[in-house]
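Understanding the architecture of this molecule
Listed below, chain by chain, are the residues.
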Amino acid sequence: MPKRVCRIRWHKGKPLGLIRYTAPTFLDLPRELRDRIYYHALVSPDPITVCSMEYDWTPISKDGKISLVETVTLDTSNPTNMPPALGMLSCNRQLVTEAVAIFYGFNTFRFTGYETWQPMYEWLRMIGDKARAHLRNLTIEVQRPKGLIQDRHGSHEFHYHFQLPWHFRRVAFSYDSGKDIQESVHYLSPAAEACFRILGKAGHALTLRLVLPQGFLPGVERWCLGWESLAIPNQVEQLQRKFTAGRVVVLWEGMLEGIGIRDRFLGQQAAIKAKGWEVVDIKEGPTQHNSQFQRSTILFTIRRTSYTSPPSLESSG
């Protein structure tokens, strides 16, 4: 039953009386005013960190054999930047419906550290279809990929600095290249495909920003540093076009540092374009000074304009 309040009624020459009426509620406010309140209560000025993972691996010797112990743990030191009024998301149905549209539509959600695709998929699945449809901005850190060696039959092994192999098979990379020699490929988590599948083509336009490690621009000489292969950018682009075309735009962001880095970057435009990248934006970053030289930084945003996918088993003859 709605809450009722009383007011005293008084007219000159007449006895006092009481007026009972239904108290105004938050939902009695105009929708435009409610949306303003939702925005100030639920939108963070900084990206909200949903998950941040730490990674470590240690070589262990036992019975004359060396093996790796890998650990991925939650990094609790990373600030989440959560807005203060998340309780609005657990009120009555109408208020939740309105608040969800603002919370998921105007915040940027970030996944940092290692193995970020799997936590992002679990979160996307958890929030449900209606919340996913409101998403507009996602940011995910992309680590330098683990090196793999692939033979012509699609068998892979990780290639570590200590030459410690980890044999396994993966369908996503399995195709007969027709070569007898081994070739280098890169590993993309299968959860990446699950993320693009679950985002789908329905909902608000969404920008997915993939943040590169500092100093990297995959495939481009000077800044690839062992990331010469474009296998991962090509696969991400292929997944975007296959499952989320028309909704999701994929942008790659990074930072480069050095003396005269802006001029050097602009001088590499032809090489960058030749690798299938388009430069969307360049911004000046912080500058470091010392007695001998000045090191500047640039923040760049790029996207794929062309890509090649691996041949299928059928097309390889």
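Structure: above.
Heads up: these notes are all about the structure in this document. (Residues numbered from 1 in each chain as written. Predicted model: local features only at pLDDT ≥ 70, side-chain atom pairs only at ≥ 80, totals over all residues. Heavy atoms only, no water.)

1. With respect to the overall build of the protein chain
Threshold: Numbering of helices and strands runs from the N terminus; a helix is a DSSP stretch of H or I covering at least four residues, while a strand is a stretch of E covering at least two. Per-residue accessibility, obtained with a 1.4 Å probe over protein chains only, is compared with the maximum for each type, and a residue is labelled buried under 20%, exposed over 50%, and partly exposed between these values. The contact criterion used throughout is that any non-hydrogen atoms of two residues lie within 4.5 Å. Only the protein chains shown count as covering a residue, and every accessible area follows the Shrake-Rupley method with a 1.4 Å probe.
Along the backbone of the protein chain there are seven helices and 15 strands. A buried classification covers 38% of the 317 residues belonging to the protein chain. The long-range share in the protein chain, meaning contacts at least 24 apart out of those at least 6 apart in sequence, stands at 65%. As displayed, the protein chain has an accessible area near 18800 Å², and 53% of this comes from carbon and sulfur atoms.

2. With respect to the packing of helix α1 (residues 31-42) against helix α2 (residues 93-106)
Inclusion rule: Each axis is a line fitted through C-alpha atoms, and for a helix only the stretch in contact is used; angles between axes span 0 to 180 degrees, taken between their N-to-C directions. With respect to orientation, any angle under 35 degrees is reported as roughly parallel, any angle over 145 as roughly antiparallel, any angle of 65 to 115 as roughly perpendicular, and every other angle as oblique. Handedness of each helix crossing follows the sense of rotation of the near helix against the far helix: counterclockwise by less than a right angle gives left-handed, clockwise gives right-handed.
Taken N-terminus to C-terminus, the directions of α1 and α2 make an angle of 55°; their axes are 9 Å apart at the nearest point. Taken as axis vectors, α1 and α2 run oblique relative to one another. Between α1 and α2 the crossing geometry is right-handed. Residues R31, R34, D35, Y38, Y39 and L42 of α1 form the contact with α2, whose own contacting residues are Q94, L95, E98, A99, I102, F103 and F106.

3. Structural notes on the environment of R262
Among the structural elements, R262 can be located in helix α6 (residues 261-267). With a relative accessible area of 31%, R262 lands in the partly exposed category. Taking the C-alpha atoms as reference, R262 lies 6.5 Å from I298; in sequence the two are 36 residues apart. With sequence-adjacent residues up to four places away left out, R262 is seen in contact with I282, E284 and I298.

4. A word on the pairing of strand β11 (residues 206-211)
What counts is decided by this rule: For two strands to be treated as a pair, DSSP must find at least two bridges joining them.
Of the strand pairs in this sheet, strand β6 (residues 137-141) and β11 are connected by five bridges, and their pairing is parallel. Bridge pairing in β11 links N137 to T207. Pairing analysis gives six bridges linking β11 to strand β12 (residues 248-258), with the strands arranged parallel. Looking across to β12, one finds that L210 is bridged to W252.

5. A word on helix α4 (residues 191-199)
Filter applied, for reference: Starting at the helix axis, one direction is taken to each C-beta atom, and the arc is that of these directions.
All of the buried residues along α4 are A191, A192, C195, F196, I198 and L199. Considered in projection along α4, the buried side chains sweep an arc of 165° and stay on one side of the axis. Buried residues in α4 make contact with α3 (117-134), β6, β11, α5 (231-243) and β12. Where α4 terminates, the next one or two residues include G200, which has phi positive at roughly 65°.

6. Quick word on the nonpolar core
For clarity, the cut-off: Throughout this description, the term nonpolar core refers to a set of buried Ala, Val, Leu, Ile, Met, Phe, Trp, Tyr and Cys residues connected via side-chain atoms within 4.5 Å.
Among the nonpolar cores identified, the biggest contains 59 residues, and W117, L135, L138, L208 and W252 are the most heavily contacted of them. Residues contacting L135, with those up to four places away along its chain left out, are Y104, F109, W123, L124, I127, L199, H204, A205, L206 and R247.

7. As for the side chain of E98
For E98, the position within the fold is in helix α2. According to the relative accessible area criterion, E98 is buried, its value standing at 5%. Excluding residues within four positions of it along the chain, E98 makes contact with L27, R31, R34 and Y38.

So far we have only geometry, and geometry alone does not tell us how the molecule works.
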